[in-house]
Amino acid sequence: MSGLLTASSIGFYSKQKARVLVVDRNTPEEPGKKTNNGWICGDAASKKSVQFIETNIGLKYDYPELEHPVKGIYVYSPDHKTKVLFEGEGYTLNRRLFPRKQVKDAKGFGVEFKFGATAERLTAQDGYIRGIEGRDKDGNPFKISAKMVVDASGSSSVLRKFNPIDSYIEREIDMDDMEATGRYLLEFDQAVEDETYFTPEYCIIHLDQDIAPAGYAWVFPKGNKKVNIGLGVSKSGLDRRNKRLGLNDNLSTLIDKYVKDNPCMKNGRLSNDPNDVGNTKGNWQVPVRRHNDSMVANGLALVGDAAWLPRPLDAGGIGPSMYASVILGKTVAHALEANDVSQEGLWPYSHEYMLTHGYQMASFEVLRRYLQTVTNEQIDFGMKHFLTAEDINMIRDRKHPRFNAIQMLNPVLLMRVASQMDLAKGLRYTADKSQALVDLNLQYPESPNGFPEWKKKMDTEMDETKKRLIPKGAAA
Ligand SMILES: Cc1cc2nc3c(=O)[nH]c(=O)nc-3n(C[C@H](O)[C@H](O)[C@H](O)COP(=O)(O)OP(=O)(O)OC[C@H]3O[C@@H](n4cnc5c(N)ncnc54)[C@H](O)[C@@H]3O)c2cc1C
């Protein structure tokens, strides 16, 4: 997804002067497929992010790649008694068809393709990335040289991991910041009506430490009787939950149970839609930390899951990828024109993305860490009593809530705060820390020269947060 969009964006901004080659390990019939099990995703994307592409580079999307419109995403407390609208209008995409449309669009910008080719390593010369080497579908080695490389190879990127040049890009992710996720595309007969479990109009997210420990579960409509249903967990969160409940669940058993317990769905069966062939069932991984603090190096840029772009709270990576890919395409086109693909020449991408979209991500990382420290009962209480209308508006706009209710000198609220002092203190800490991180991100350096100093401050903030927010049941 993000590689194809970046390619189109380079084509657009360079007025097709740049020569762009997309290397995809899939066949031309199955572009963008993540794993053998398909285009594993929850499929939800905001209208705003889809429109961003049209506004900036003129590419339009419609049915069938925008499979089903939704009015927003509701996040439910574990007891289903409180819901918060998390996002405005959007769609559930058909992830199998979306990249096909993207390939067509990219070809319209003169982009070339090499399918069935797996990139194995970046190649370097004189401190610059200058190409890739890999193997074709028959196992024959190939080498491609280029002025620069964009790594859009997703969450399991080996290119980033074995990046051969010194740079500010972090190569490895802490495995606890990688969420194991899985989902089914199911058709079903409606049993009962209960809009806390299914409605064709809204995506639904369930927060629940027993059902989706240190993660969340979702029921995203793809029609009146069709859903994308699944959940994501952190491995250590699942281990702690199993220990706490004396159970031995894994990701698949959790998902199967979640599907079975949905009272709205009877006779659930894998989607029979020809547009879902090879894409009805599967597990994959999503990064849920802030994006890589630097996304560029000499001759190299990262985008999409390879750059850890998904929002740490809900693993939503499509919107961030759309924003970042368009911005990256613009930066690359300018850098090529200026004949400067150095870290400095590509820096405007890291900088613009951070200032326009990425600045909230570290604060969402903190909120995710905080949620791992609380029980279902505390989430129920906090969502019911501590979220103000202002917080809810901020959440809808994908900003971090301020939890100002906790500060109010109103006797009823004071009593509530007193009855849940740990929760109130934790929320306050999280809100304050989040604000500090937003402020720091808004001071992201305009050139790489300022990066070491900025990075030191970011690492100090995050280390302190990790020490303070120890998940429930974990050794301190
Ligand atoms: C279960 C699940 C649910 C999710 N739900 C949502 C959601 O509802 N909303 C949302 O916004 N986000 C969601 N996400 C995240 C979203 O799917 C990703 O953020 C998004 O797909 C990232 O796109 P990408 O192009 O960066 O990577 P990918 O979609 O992973 O694409 C990477 C491409 O690179 C190819 N590739 C990989 N390695 C190589 C190689 N070495 N050589 C050549 N080609 C290679 C792959 O085959 C693939 O075609 C979910 C993720 C999962 C796993």
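Here the structure is a predicted model, which means the values were calculated and not measured.

**Student:** So what exactly am I meant to see when it comes to the site of the ligand here?
**Tutor:** Residues in close proximity to the ligand total 37 residues, the closest being Gly 42, Gly 154, Gly 304, Gly 317 and Ile 318. Mapped onto the shell around the ligand, the elements with two or more residues apiece are α1 (2-13), β1 (21-24), β2 (44-46), β8 (117-125), β12 (178-190), β17 (281-287) and α7 (318-337). Taken together, domain 1 (2-68 + 89-171 + 289-357) and domain 2 (175-286) each give at least three residues to the shell around the ligand, which thus spans both.

**Student:** Even after reading the chapter, I still don't get α1, so can you show me in this structure?
**Tutor:** Note that an α-helix has 3.6 residues per turn; residues three or four places apart therefore point the same way. The terminal C-alpha atoms of α1, which comprises 12 residues, lie 16 Å apart, in line with the 16 Å expected from a rise of 1.5 Å per residue. In terms of residue burial, α1 counts as a mostly covered element, since 12 of its 12 residues are buried. The complete set of buried residues in α1 reads Ser 2, Gly 3, Leu 4, Leu 5, Thr 6, Ala 7, Ser 8, Ser 9, Ile 10, Gly 11, Phe 12 and Tyr 13. Looking at the buried residues of α1, the elements they touch are β1, α2 (47-57), α3 (98-108), β11 (149-151) and α7.

**Student:** Sorry if this is basic, but what is going on with the domain arrangement of the chain here?
**Tutor:** As assigned here, the chain comprises domain 1 (2-68 + 89-171 + 289-357), domain 2 (175-286) and domain 3 (361-468). Placing the centre of domain 1 and that of domain 3 at their C-alpha centroids yields a distance of 31 Å. The interface of domain 1 with domain 3 comprises 15 residues on the first partner and 15 residues on the second. Here the side of domain 1 that touches domain 3 is composed, by residue class, of 6 nonpolar, 4 polar and 5 charged.

**Student:** Even after reading the chapter, I still don't get the nonpolar core, so can you show me in this structure?
**Tutor:** One broad rule of soluble globular proteins: the nonpolar side chains tend to lie buried together. Ranked by internal contacts, the top residues of the largest apolar core, which has 121 residues, are Cys 203, Ile 205, Trp 218, Leu 231, Ala 301 and Val 303. Ranked by residues supplied to this core, first place goes to α7 with 11 residues.

**Student:** Honestly, unusual backbone geometry in this entry has me stumped. Any pointers?
**Tutor:** When glycine is set aside, most residues are seen to have a negative phi, and most peptide bonds are trans. In this structure, the amide linkage connecting Tyr 63 to the following residue, Pro 64, adopts the cis form with an omega of 10°. Tracing the chain through its elements places Pro 64 in the loop between α2 and β3 (66-70). Notably, His 80 is not glycine yet its phi reads approximately 65°, a positive angle. With respect to the helices and strands, the residue His 80 is situated in the loop between β4 (72-76) and β5 (83-87). Overall, His 80 belongs to the partly exposed group, with 15 C-beta atoms counted inside 10 Å. Positive phi, close to 55°, is recorded for Ala 214, a residue that is not glycine. Locating Ala 214 in the fold gives a position in the loop between β13 (202-206) and β14 (216-223).

**Student:** What is the right way to look at the packing of helix α13 (residues 421-441) against helix α14 (residues 451-468) in this model?
**Tutor:** Relative orientation and spacing of two packed helices are given, respectively, by the angle between their axes and the distance between those axes. Where α13 meets α14, the axes come as close as 11 Å, and the angle between the chain directions of the two elements is 165°. It follows that α13 is roughly antiparallel to α14 by the angle criterion. In terms of crossing hand, the pair formed by α13 and α14 is left-handed. For the pair formed by α13 and α14, the contact residues are Tyr 429, Lys 433, Ala 436, Leu 437 and Leu 440 on the first element and Lys 457, Met 458, Glu 461, Thr 465 and Arg 468 on the second. Residues that form the contact of α13 with α14 fall into these classes: 5 nonpolar, 1 polar and 4 charged.

**Student:** I would appreciate a short explanation of the sheet that holds β11 in the present structure.
**Tutor:** Sheets are built from strands paired through backbone hydrogen bonds, the pairs being either parallel or antiparallel. In spatial order, the strands read β11-β19-β18; together these 3 strands make up an open sheet with mixed pairing. The open sheet is flanked by β11 and β18 (296-297), the only strands paired with a single partner. With 2 bridges joining them, β18 and strand β19 (residues 300-302) adopt antiparallel strand pairing. When the bridges of β19 are listed, Ala 297 appears paired with Leu 300.

**Student:** I'm lost on the pairing of β4 in this one. Help?
**Tutor:** Side-chain positions along a regular strand alternate between the two faces of the sheet. For β4, a buried count of 4 out of 5 residues is recorded, marking the element as mostly surrounded by other parts of the structure. Pairing geometry for β4 and β13, over 5 bridges, is parallel. Residue pairing in the sheet places Tyr 74 in a bridge with Ile 204 of β13. Where β4 meets β5, 4 bridges bridge the pair, whose relative direction is antiparallel. Along β5, the bridge assignment pairs Tyr 76 with Lys 83.

**Student:** I tried to follow the sheet that holds strand β6 (residues 90-93) on my own but got confused; where do I start?
**Tutor:** Taken together, the 3 strands give an open sheet; going across it, the order is β2-β6-β3, and neighbouring strands pair in antiparallel fashion. Both outer strands of the open sheet, β2 and β3, are each paired with one neighbouring strand and no more. If you compare each strand with its neighbour and ignore which way they point, the axes differ by 35° on average. Here β3 runs beside β6; their pairing, made up of 4 bridges, is antiparallel. Note on β6: the bridge partner recorded for Val 70 is Gly 90.

**Student:** I tried to follow the packing of α2 against α7 on my own but got confused; where do I start?
**Tutor:** The contact between α2 and α7 brings their axes to 9 Å, and the two run at 15°. The angle between α2 and α7 places the two elements in the roughly parallel class. For α2 against α7, the interelement crossing comes out left-handed. Residues Ser 49, Phe 52, Ile 53, Asn 56 and Ile 57 of α2 form the contact with α7, whose participating residues are Ile 318, Gly 319, Met 322, Tyr 323 and Val 326. Its residues placed into classes, the contact of α2 with α7 shows 7 nonpolar, 3 polar and no charged.

Calculation notes
- Residues numbered from 1 in each chain as written.
- Predicted model: local features only at pLDDT ≥ 70, side-chain atom pairs only at ≥ 80, totals over all residues.
- Near = placed C-beta within 6 Å.
- Helix = DSSP H or I, 4+ residues; strand = E, 2+ residues; numbered from the N terminus.
- Domains from an automatic or database assignment.
- Expected span 1.5 Å × (residues − 1).
- Buried ≥ 20, exposed ≤ 12 C-beta atoms within 10 Å, placed from the backbone.
- Contact = placed C-beta atoms within 7 Å.
- Nonpolar A, V, L, I, M, F, W, Y, C, P; charged D, E, K, R; others polar.
- Core = buried A, V, L, I, M, F, W, Y, C linked by C-beta atoms within 7 Å.
- Axes fitted to C-alpha atoms, helices over the stretch in contact; angles between N-to-C directions.
- Parallel < 35°, antiparallel > 145°, perpendicular 65-115°, else oblique.
- Left-handed = near helix turned anticlockwise from the far one by under 90°.
- Pairing = 2+ DSSP bridges.

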